[in-house]
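# Coordinate analysis (summary)
Each chain, written out:
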Amino acid sequence: MADKIKKNLCLKDGSMIVIIGGGPSGSFFAYLALRHAKKLGINISVTIFESRDFSQRGPKGCNMSAAVIAKSLYQKLIKEGIDLPDNVVRQEIKGYYFQTKEYGIELHRPKPGENSKILAVYRGNGPLYSTHTSNISFDDYLLRNAVKHGAEVIHDPVQDINLPSDFETPVKVIYGKRGSLNEMEADLVVGAFGINSTIVDKMKQLNFGYEPPRTIRTCQMEIPLDDSYIKESFKDDIYVFALGLKPFRFASMVPKRDYVTVSLIGDRDLSKKNLLDFLNHPVVRSKLPPDWRMPDRFCMCIPKITLTHAKKPFTDRFVIVGDASISRIYKNGLESAYITSQLAVQAAFDKGISKEDFNRYYYRPAKKLLAMDNLLGALIMRLSDFVTKRNWLVTARLSYVENRKDSWIANHLNKMLWNMVTGDAPYKKIFLQAFNPLFQIILIPVTIKALITEVINRVYSYGSKLNERNIKG
Ligand SMILES: Cc1cc2nc3c(=O)[nH]c(=O)nc-3n(C[C@H](O)[C@H](O)[C@H](O)COP(=O)(O)OP(=O)(O)OC[C@H]3O[C@@H](n4cnc5c(N)ncnc54)[C@H](O)[C@@H]3O)c2cc1C
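A quick note: this is a predicted structure, and the numbers were derived from the prediction, not measured. (Residues numbered from 1 in each chain as written. Predicted model: local features only at pLDDT ≥ 70, side-chain atom pairs only at ≥ 80, totals over all residues.)

## Description of the overall build of the chain
In plain terms, the rule: Secondary structure counts use DSSP, requiring at least four H or I residues in a row for a helix and at least two E residues in a row for a strand, with both numbered from the N terminus. With C-beta atoms placed from the backbone, a residue is labelled by how many other C-beta atoms lie within 10 Å of its own: buried for 20 or more, exposed for 12 or fewer, partly exposed between the two. Placing a C-beta atom from the backbone of each residue, one calls two residues in contact when those atoms lie within 7 Å.
Secondary structure assignment for the chain yields 14 helices and 21 strands. C-alpha extents for the chain along the principal axes are approximately 90 × 55 × 50 Å. Put simply, the chain has 473 residues, and 42% of those count as buried. A separation of at least 24 residues holds for 74% of the contacts in the chain among residues at least 6 apart in sequence.

Structure representation (structure tokens):
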């Protein structure tokens, strides 16, 4: 009998879907579900609970990120008929600039003329003290797009869910402000709440086996600058810094017309102090006007980023998507939100909404596509840390390649660094590019020469210090 009921765990005419969170993964799920249902000729209702108002400026209305839309996501959005309007696109990005302590190289698109764009947007309605007049929020645009296709939005936080083991009884979603709680019934609940919400711990306590991803705190700031200065200084490129500076693992400056978004990711939780250290580094300073001073008031945030993927982000009639489930580490979280939502929609409509269906048709494919590659991603990040902390090595290799423009090695390095900073290729491909035998063999003499020079310099500087001390003594 129980098995028979379980077989009936599927979406049908009149099914009610409740989505917790109206960030990218929630809006993508709603949009894709409504389109899928239409294709199947069934009527469903979709309600999204979103506690933020994305038309607000600053952290209040913002899902805190560098907000770069990778070219692969841009292509997917266009294919889905989601064409971002001009007011949402803050800047079209030409390329990337890879900046080390002593050296910088402009990376160019490995496939020039390719019909795709990289776009910089704002997740909320821009920085806290900005003065623009229109609504420029990317998340708001996606949410409105879901509404246009039939979703309903309730701007209340979800507090809890009740998942009865008896499948005849609907799932209950408890929402509202404390003191005035309401309930809503659902056939399927979708957790699209990200990793910055306290509801993550609540979901863990439901004891169906959900383990949220491990996370770390990053740091971001919006720097207001004259738009002509930004154009001249950044030339529509995103600057990625590999300064060998502890504790940073990844640092970028994204031009967005009259603001530059600074994003810092470390090997531990970051704070405002780390932001100040980064901005005071001479190489970073050189990207800012000579008379630039830290403003008295500015927009900053310390959001979490995922380091691993979740365990068991599903049970009967409940599935978790986006950051709270599986996302590529350090790269293209927005695209992972799209991919996990798409897989979960396909599993729910075409196979069923039991835990077995979600495991087989959603979780396992998502893990194969995104999570397996993350293991290599973590290894590549460590290797990159090791190399960038050895400034002599980076400088020697980059200057060698710089002098051989258009050669095989210059193109190979460009492709590898481009894939690393953009996330256009899986980490597996970057790994193979980094350990390409020809690439490594060509660089052996350069590395040995640089190492010998470094050792000589160190011995010389140690000797000079010793001499100085003897003279003083
Ligand atoms: C510093 C930094 C830089 C990044 N840069 C990029 C980048 O350039 N490009 C990129 O592709 N990705 C980037 N990411 C990753 C990207 O931000 C995430 O992958 C993406 O936001 C995940 O989308 P999501 O919908 O799963 O979660 P979120 O964007 O976090 O959305 C979750 C939503 O759920 C709502 N919510 C939460 N709890 C409740 C509740 N109880 N009730 C109602 N609503 C609730 C929240 O208000 C929020 O709107 C970056 C991340 C960080 C930290």
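## Observations concerning the sheet that holds strand 18 (residues 299–301)
Formally: Only strands joined by at least two bridges in the DSSP assignment are considered to pair. An axis is simply a line fitted to the C-alpha atoms; with a helix, the fit covers only the stretch in contact. Between two such axes, the angle follows the N-to-C directions and lies from 0 to 180 degrees.
The 7 strands are arranged 6-5-15-16-17-14-18 in an open sheet whose pairing can be described as mixed. Bordering the open sheet on either side are strand 6 (104–107) and strand 18, each of which pairs with just one other strand. Taking the axes of each pair of neighbouring strands and ignoring which way they run, one obtains an average angle of 15 degrees across the sheet. As paired elements, strand 14 (residues 219–224) and strand 17 (residues 259–266) share 6 bridges and run antiparallel to each other. Looking at strand 17, one finds that P224 is bridged to Y259. The strands that helix 11 (residues 391–402) touches are strand 5 (95–100), strand 6 and strand 15 (237–242); relative to strand 5, the one it contacts most, it runs at about 135 degrees.

## A word on the pairing of strand 5
With 5 of its 6 residues buried, strand 5 lies for the most part within the structure. Relative to strand 15, strand 5 runs parallel, the two being bridged by 6 bridges. Paired with G95 across the strands is D237, a residue of strand 15. Bridge count for strand 5 against strand 6 is 4 bridges, and the pairing is antiparallel. Residue pairing for strand 6: Q99 is matched across the bridge by G104. Hairpin connection between strand 5 and strand 6: a loop of 3 residues separates the two successive antiparallel strands.

## Brief notes about the domain arrangement of the chain
For clarity, the threshold we go by: An automatic or database domain assignment supplies the residue ranges for each domain.
In terms of domain boundaries, the chain breaks down into domain 1 (2–91 + 116–212 + 310–374), domain 2 (216–305) and domain 3 (387–472). Placing a centre on the C-alpha atoms of domain 2 and another on those of domain 3 gives a separation of 25 Å.

## Digging into the environment of L206
Within the element layout of this structure, L206 appears in the loop between helix 5 (199–204) and strand 13 (215–217). The class of L206 is partly exposed, set by 14 C-beta atoms lying within 10 Å. Spatially, the C-alpha atom of L206 lies 8.6 Å from that of I161, the residues being 45 residues apart in sequence.

## Description of unusual backbone geometry
Following K246, the chain continues into P247 via a peptide bond in cis, with omega recorded as 0 degrees. Secondary-structure assignment places P247 in the loop between strand 15 and strand 16 (248–256). At K235, a residue that is not glycine, the phi angle is positive and equals roughly 50 degrees. Locating K235 in the fold gives a position in the loop between helix 6 (227–234) and strand 15. Of note in this structure, R257 is not a glycine but carries a positive phi near 55 degrees.

## Remarks on the environment of I353
Examined against the element boundaries, I353 turns out to sit in the loop between helix 9 (333–350) and helix 10 (355–388). Residue I353 is classed as buried on the basis of its C-beta count, with 26 C-beta atoms lying within 10 Å. Taking the C-alpha atoms as reference points, I353 and N8, separated by 345 residues in sequence, lie 9.0 Å from one another. In this view, I353 contacts L9, C10, L11, L188, R317 and A348; residues no more than four positions away in its chain are not counted.

## Remarks on the site of the ligand
The criterion, for reference: Only the C-beta atom, placed from the backbone, is used; a residue is near a molecule or strand if that atom lies within 6 Å of it. In this count, Pro and Cys sit with the nonpolar residues alongside Ala, Val, Leu, Ile, Met, Phe, Trp and Tyr, while Asp, Glu, Lys and Arg are called charged and the others, Gly among them, polar.
The local shell around the ligand holds 37 residues, among which G21, G23, G194, G322 and G333 are the closest. Listed by contribution, the elements that provide at least two residues to the shell around the ligand are helix 2 (24–40) and helix 9. With 4 residues, helix 9 is the single largest residue contributor to the shell around the ligand. Partitioned by chemical class, the residues of the shell around the ligand number 15 nonpolar, 18 polar and 4 charged. When residues are assigned to domains, the shell around the ligand turns out to be shared by domain 1 (2–91 + 116–212 + 310–374) and domain 2 (216–305), each giving three or more.

## Quick look at the packing of helix 12 (residues 408–422) against helix 13 (residues 427–434)
When two helices pack together, their arrangement is given by the angle between their axes and by how far apart the axes lie. To be explicit about the condition: Oblique is the label for any angle not covered by the other classes, which are roughly parallel (under 35 degrees), roughly antiparallel (over 145) and roughly perpendicular (65 to 115). Throughout, a crossing is termed right-handed when the near helix is turned clockwise from the far one, and left-handed when it is turned anticlockwise from it by less than a right angle.
Between helix 12 and helix 13, the shortest axis-to-axis distance is 10 Å and the interhelical angle comes to 150 degrees. With respect to their mutual orientation, helix 12 and helix 13 come out roughly antiparallel. Crossing of helix 12 over helix 13 shows left-handed handedness. The segment helix 12 lies against helix 13, with H412, K415, M416, N419 and M420 engaging K429, I430, Q433 and A434. Along the lines of polarity and charge, the residues of the contact of helix 12 with helix 13 split into 4 nonpolar, 3 polar and 2 charged.

## Quick notes on the pairing of strand 11 (residues 182–186)
Note that strand 10 (residues 171–175) and strand 11 share 5 bridges and pair antiparallel. Note on strand 11: the bridge partner recorded for K172 is E185.

## Describing the sheet that holds strand 8 (residues 152–154)
Ordered by their spatial adjacency, 6 strands build an open sheet running 8-2-1-12-21-20, and the pairing between neighbours is mixed. Sheet topology places strand 8 and strand 20 (314–315) at the edges, where each strand pairs with a single neighbour.

## Concerning the nonpolar core
What counts is decided by this rule: The nonpolar core is taken to be a set of buried Ala, Val, Leu, Ile, Met, Phe, Trp, Tyr and Cys residues joined by way of C-beta atoms within 7 Å.
Formed by 123 residues in total, the largest nonpolar core has its most connected members in I19 and F29. If one sorts the elements of this core by residue count, helix 9 sits on top with 10 residues.

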